[in-house]
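# Structural features, examined
Here's the letter readout for the chains.
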Amino acid sequence: ILDRLAARDPRIVAVHVRELPPGWLGKLHAMHRGLEVATGELILFSDADVRFEPDLLGRAVRTLEDEGLDFLTLVPDVRPSGFAVDAALTTMLRLLLTSGRLWRVRDPRSKVAVGAGLFNLVRKDALTRSPGIEWLKLEVADDVAFGQMMKASGARCGVFLGRDQVSLAFYDSVPAFVRGLEKNSYAVTGFRPAIALPAQLVIAYLELFPALAALAFAATGREAAALVGVAVTLTPAVGQAILARWVGRPLASALVPLVGPALMLFASARSIALVHARGGITWRGTFYDLATLRRETRLNRSFFD
């Protein structure tokens, strides 16, 4: 498709990567190769499965210029994928948006930054002042690390809601969701059990324990305590409903507690177990050993800045 477009428009250059050199993740190597031939003042990195509305690029560039930014990313529409997967994706979005503290991205005094593989728009001169794509070449959580790299190098960053402008479908079934988190879930902790396991326990305690406590209290006749447990269990569902309305996600699945967190925790635990059992990850036919992935991790996972 790109070759046909390039034949009709000299502004389009199709770069074919025939071989992946050692020490690179495929996506990051492709980004690096594309950047080598890009001549524009603004560079957009985007995944292949993303849908843009026709006026998105113009609106994004105007926003970048009007706000005086060097780097801009978007929170997308995530297309519905079935009840259980939608519940898990809304839970995941809620946890990412709150733990990521997106409201602090615009603050130059804060280190908080974020990126999204679906839409990272950057000024080329700002990118040249950063360590660059090669610095990220083995970072599995590359999209968020990209945003952090830009802000750490002095770029003015912003994140905006892309509802009705940019959309993608993450996974179309529960097995696909579980397999999809196999690579990325453990990666966000730097492949370190000392971070991953406490995080799992905290999420389980906050998301699942109140419901179990409510059942235990109800079984022992402690109605008041059981009602408190029910109220605490429903609180995340209220937050998810608000989030679902904001980003355009299905409201019905957002209102159901427990399903999303339980599915997320299962997928994350499976990811941890498989990575250690295999000694690394296999992605697009290439094996990356665990020691190398840990050594080359770039994502800053601190909650303090």
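About the thresholds
Residues numbered from 1 in each chain as written. Predicted model: local features only at pLDDT ≥ 70, side-chain atom pairs only at ≥ 80, totals over all residues. Heavy atoms only, no water. Salt bridge = Lys/Arg side-chain N within 4 Å of Asp/Glu carboxyl O. Buried < 20%, exposed > 50% of the residue type's maximum accessible area, 1.4 Å probe, protein only. Pairing = 2+ DSSP bridges. Helix = DSSP H or I, 4+ residues; strand = E, 2+ residues; numbered from the N terminus. Expected span 1.5 Å × (residues − 1). Axes fitted to C-alpha atoms, helices over the stretch in contact; angles between N-to-C directions. Parallel < 35°, antiparallel > 145°, perpendicular 65-115°, else oblique. Left-handed = near helix turned anticlockwise from the far one by under 90°. Contact = heavy atoms within 4.5 Å. Nonpolar A, V, L, I, M, F, W, Y, C, P; charged D, E, K, R; others polar. Patch = residues over 30% accessible without salt bridge, like charges linked within 9 Å, V, L, I, M, F, W, Y side chains within 5 Å. Areas by Shrake-Rupley, 256 points an atom, 1.4 Å probe, with all protein chains shown as cover. Arc of directions from axis to C-beta. Phe/Tyr/Trp six-rings, centres within 6.5 Å; stacked < 30°, edge-to-face > 60°. Lys NZ or Arg CZ within 6 Å of the ring centre and 35° of its normal.

### Brief notes about the pattern of salt bridges
Within the structure shown, the criterion is met by 15 salt bridges. Between Arg298 and Glu296 there is a salt bridge, with its nearest N and O atoms 3.2 Å apart. A relative accessible area of 16% means that Glu296 is categorised as buried. Several salt bridges converge on common partners, so that one network encompasses Glu65, Asp70, Arg123 and Arg156.

### Points about the sheet that holds strand S2 (residues 50-52)
Taken in spatial order, the three strands make up an open sheet running S2-S7-S4, and their pairing is mixed. The open sheet is flanked by S2 and strand S4 (77-78), the only strands paired with a single partner. One ladder, built from two bridges, connects S4 with strand S7 (residues 166-168); its direction is parallel. Directly across from Val78, in S7, lies its bridge partner Leu168.

### Section: helix H4 (residues 83-99)
Count 3.6 residues to each turn of an α-helix, and residues three or four apart come out pointing the same way. The end-to-end C-alpha distance of H4, which contains 17 residues, comes to 24 Å, matching closely the 24 Å that a straight helix rising 1.5 Å per residue would cover. Every buried residue belonging to H4 is among Val85, Asp86, Ala87, Ala88, Leu89, Thr90, Thr91, Met92, Leu93, Arg94 and Leu97, and all of these are buried. Arg101 sits one or two positions beyond H4 and adopts a positive phi of about 50°.

### Describing the packing of helix H9 (residues 209-219) against helix H10 (residues 223-247)
It is at 8 Å that the axes of H9 and H10 come closest, and there the two elements cross at 160°. As judged from the angle between their axes, H9 and H10 are roughly antiparallel. Note on packing geometry: the crossing formed by H9 with H10 is left-handed. Across the interface between the two elements, Pro210, Ala211, Ala214, Phe217 and Ala218 from H9 touch Ala225, Ala226, Gly229, Val230, Val232 and Thr233 from H10. Its residues assigned to classes, the contact of H9 with H10 comprises nine nonpolar, two polar and no charged.

### As for a nonpolar patch on the surface
A contiguous nonpolar surface patch, about 370 Å² in accessible area, is contributed by Ile1, Leu2, Leu5 and Ile12. In this structure, Leu2 sits in helix H1 (residues 2-8).

### A look at the sheet that holds strand S3 (residues 71-75)
Spatially, S1-S5-S3-S6 is the arrangement adopted by the four strands of the open sheet, whose pairing is mixed. The open sheet terminates on both sides in strands that have one partner only, identified here as strand S1 (42-45) and strand S6 (157-161). Strand-to-strand twist of the sheet, defined as the mean angle between neighbouring strand axes without regard to direction, takes the value 20°. Bridging between S1 and strand S5 (residues 120-123) involves four bridges; their strand directions are antiparallel. Directly across from Ile43, in S5, lies its bridge partner Val122. Packed onto the sheet, helix H6 (residues 142-152) meets S1, S3, S5 and S6 and runs at close to 25° relative to S5.

### Here's the deal with the environment of Leu25
Looking at the secondary structure, you find Leu25 in the loop between H1 and helix H2 (26-37). According to the relative accessible area criterion, Leu25 is buried, its value standing at 7%. Through-space distance from the C-alpha of Leu25 to that of Leu138 is 5.5 Å; in sequence the pair is 113 residues apart. When residues no more than four places from it in sequence are discounted, the contact partners of Leu25 are Leu20, Lys137, Leu138, Glu139, Val140 and Tyr288.

### Some points on the pairing of strand S9 (residues 286-289)
Where strand S8 (residues 280-283) lies against S9, four bridges are found, and the strand directions are antiparallel. Bridge pairing in S9 places Thr282 opposite Phe287. Hairpin geometry of S8 and S9 is characterised by an intervening segment of two residues between the two adjacent antiparallel strands and by a positive phi of about 55° at Arg284.

### So, helix H8 (residues 193-207)
For H8, which comprises 15 residues, the first-to-last C-alpha distance of 20 Å matches the rise-based estimate of 21 Å (1.5 Å per residue) to within 8%. By the burial criterion, the buried members of H8 are Ala196, Gln200 and Glu207. All buried residues of H8 fall inside an arc of 60° around its axis, so they share one side. Counted as exposed and oriented over 90 degrees from the buried face of H8: Ala194, Leu201, Tyr205 and Leu206.

### Concerning the packing of aromatic side chains
Where two aromatic rings form a pair, the distance of their centres and the angle of their planes describe that pair. Counted under the stated rule, the structure contains seven aromatic pairs. Look at Tyr186 and Phe191: their rings are 5.5 Å apart centre to centre, the planes differ by 75°, and that puts the pair in the edge-to-face class. What makes Phe191 buried here is its relative accessible area of 3%. Taken together, the ring pairs in this structure connect Phe45, Phe71 and Phe146 into an aromatic cluster. Between the NZ or CZ atom of Lys183 and the centre of the ring of Trp283, over which it lies, the distance is 4.5 Å.

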